[in-house]
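Descriptive structure summary
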Amino acid sequence: AADMLRRSQSGVLERAADACRTDEAIKPFTVVLELDAKGTPTGHWRNADTGLAKCMEEKLSRQMFYVPSKAPFYISFEVSFTP
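Let us look at the structure shown here. (Residues numbered from 1 in each chain as written. Predicted model: local features only at pLDDT ≥ 70, side-chain atom pairs only at ≥ 80, totals over all residues. Heavy atoms only, no water.)

Of the volumes computed, that of the largest pocket is approximately 160 Å³. In terms of lining residues, the largest pocket is bounded by Leu13, Ala17, Cys20, Arg21, Thr22, Ile26, Phe29, Leu52, Met56, Val79 and Phe81. Partitioning the lining of the largest pocket into residue classes produces nine nonpolar, one polar and one charged. (1 Å grid on protein atoms, 1.4 Å probe; cavity = no way out; pocket = protein on both sides within 12 Å on 5 of 7 lines; lining within 4 Å. Points joined across faces, edges and corners; volume = space filled by probe spheres on them. Nonpolar A, V, L, I, M, F, W, Y, C, P; charged D, E, K, R; others polar.)

Moving on to the pattern of salt bridges. Evaluation of the coordinates by the stated rule reveals five salt bridges. In this structure, Asp49 engages Arg46 in a salt bridge whose closest nitrogen and oxygen atoms are separated by 2.6 Å. In this structure, Arg62 engages Glu58 in a salt bridge whose closest nitrogen and oxygen atoms are separated by 2.2 Å. Among the residues examined, Glu58 registers a relative accessible area of 29% and is labelled partly exposed. (Salt bridge = Lys/Arg side-chain N within 4 Å of Asp/Glu carboxyl O. Buried < 20%, exposed > 50% of the residue type's maximum accessible area, 1.4 Å probe, protein only.)

Below is the structure:
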């Protein structure tokens, strides 16, 4: 289950990053999603107010990508950038 979660998390993160390209200064951020028993995001939060963080939260919170064995299920996307 952990491998399946990582694969699905990676895919949804990659699609959101492609859709949210920006020229702004990049700062690390985290997006947290709450999933219901069907895998639908029912709540979401982020810890930054940059355009990229807002876009990523919006994209990630609209995609069903993992059906948890127990609900509510919380998943985080911790995004950082290294040169």
